[in-house]
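Structure assessment
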Amino acid sequence: MKDNTPAETKAVELLQSILDRAAEVGADMVDLERVPHGLEILYCSGHTGIGGLLETPELEGPLIDLIVRRARLHRKAGGSFTWKVQGQMRTIAVEEYESFGEACFKLKLGRSG
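First things first, this report covers the structure right here in the doc. Within each chain, residues carry numbers counting from 1 in the order of the written sequence. Local features in a predicted model are, by the rule used here, given only for residues with pLDDT of at least 70; side-chain atom pairs are given and counted only at 80 or more, and totals for whole chains, interfaces and linings are based on all residues. Side-chain figures throughout are based on the complete set of non-hydrogen atoms in the structure, without hydrogens or water.

Helix and strand assignments follow DSSP, with helices taken as H or I runs no shorter than four residues and strands as E runs no shorter than two, numbered in order from the N terminus. By the element assignment, Arg 90 lies in strand S5 (residues 88–99). The cut-offs for exposure are 20% and 50% of the maximum accessible area for each residue type, with area from a 1.4 Å probe on protein chains only; residues under the lower value are buried, those over the upper are exposed, and the others partly exposed. Charge assignment: positive for Lys and Arg, negative for Asp and Glu; neither His nor the chain ends contribute. Throughout this description, the term salt bridge denotes a Lys or Arg side-chain nitrogen within 4 Å of a carboxyl oxygen of Asp or Glu. Lacking a salt bridge, the buried Arg 90 has Asp 20 as its closest oppositely charged neighbour, with an N-O distance of 7.8 Å. Pairs of N or O atoms within 3.5 Å make up the polar contacts considered here, provided that, within protein, one atom can donate a hydrogen while the other can accept it, and that residues adjacent in sequence are counted only when both atoms are side-chain atoms. Within the structure, the side chain of Arg 90 is placed 2.6 Å from the backbone oxygen of Gly 110, a separation counted as a polar contact.

What we call a nonpolar core is a set of buried Ala, Val, Leu, Ile, Met, Phe, Trp, Tyr and Cys residues that are connected through their side-chain atoms within 4.5 Å. Ranked by size, the top nonpolar core spans 29 residues in total, and within it Leu 15, Val 30, Ile 92, Val 94, Phe 105 and Leu 107 carry the most contacts. Among the secondary structure elements, those contributing two or more residues to this core are helix H1 (6–24), strand S1 (29–35), strand S2 (38–45), helix H2 (60–71), strand S4 (78–85), S5 and strand S6 (102–109). Contact between two residues is taken to exist if any of their heavy atoms lie within 4.5 Å; hydrogens are not considered. Residues within four places of Val 94 in sequence aside, it is in contact with Ile 67, Ala 71, Leu 73, Ala 77, Gly 78, Gly 79, Ser 80, Phe 81, Phe 105, Lys 106 and Leu 107.

Moving on to the environment of Leu 63. Of note, Leu 63 is situated in helix H2. Residues Leu 63 and Glu 13, 50 residues apart in the sequence, show an inter-C-alpha distance of 9.4 Å. Discounting chain neighbours no more than four positions away, the residues touching Leu 63 are Ala 11, Leu 14, Leu 15, Ile 18 and Leu 39.

A few words on the sheet that holds S5. The pairing criterion is simple: DSSP has to find at least two bridges between the two strands. The strand order across the open sheet built from six strands is S3-S2-S1-S6-S5-S4, with neighbouring strands paired in antiparallel fashion. Looking at which strands have only one partner, the edges of the open sheet turn out to be strand S3 (48–53) and S4. Between one strand and the next, the sheet's axes are offset by a mean angle of 25°, whatever the strand orientation. Under this scheme, a helix contributes an axis fitted over its contacting stretch, all axes are lines through C-alpha atoms, and angles between N-to-C directions fall in the 0 to 180 degree range. Taken strand by strand, H1 contacts S1, S2, S3, S4, S5 and S6, and its axis lies near 80° from that of S4. Each of S1, S2, S4, S5 and S6 is contacted by H2, which is oriented at about 105° to S4, the strand it contacts most.

Right, let's get into the pattern of salt bridges. One pass over the full model with this rule turns up three salt bridges. Between Glu 24 and Arg 21 there is a salt bridge; the shortest N-O distance is 3.9 Å. In this pair, Glu 24 and Arg 21 both sit in helix H1, three residues apart, roughly one turn of the helix. Between Arg 34 and Glu 60 there is a salt bridge, with its nearest N and O atoms 2.6 Å apart. Pair noted here: Arg 34 is in strand S1 and Glu 60 is in helix H2, with a separation of 26 residues, a long-range link.

Side-chain rings of Phe, Tyr and Trp (the six-membered ring for Trp) are treated as a pair once their centres are within 6.5 Å; stacked means planes under 30 degrees apart, edge-to-face means over 60, and tilted covers the remaining angles. On inspection of all chains with the given rule, the structure shows one aromatic pair. Taken together, a centroid distance of 5.8 Å and an interplanar angle of 75° make the contact between Phe 81 and Trp 83 edge-to-face. Residue classification places Phe 81 among the buried positions, given a relative accessible area of 5%. Overall, Trp 83 belongs to the buried group, its relative accessible area being 7%. Any Lys NZ or Arg CZ found within 6 Å of a ring centre and within 35 degrees of that ring's normal is scored as a charge over the ring. Of note, Lys 106 hangs over the ring of Tyr 97, and the distance from its end group to the ring centre comes to 5.3 Å.

Written out as structure tokens, the structure is:
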């Protein structure tokens, strides 16, 4: 098993904080979309969402690589992985889609249990 690079370790920490934040605000989905000024992170519940831009743009690539690798999205648009969110194992369903020529991702949080 190889050691993570510092960027990979920070990407894991970032994904953890994104998923924990989603649970804190009661979101059932996180939308990661590239916009002109960076990566927008939206925490969505139903038809409403709150969020903002990724504050550490240098982690955008490592974060996306982590999501693609964990959800096994190579050559397919959907997958899933399990992740501990606020102490509970949850299935995170991932859907990749295109918006204005950019790869974007929807992370749907499964129920804890």
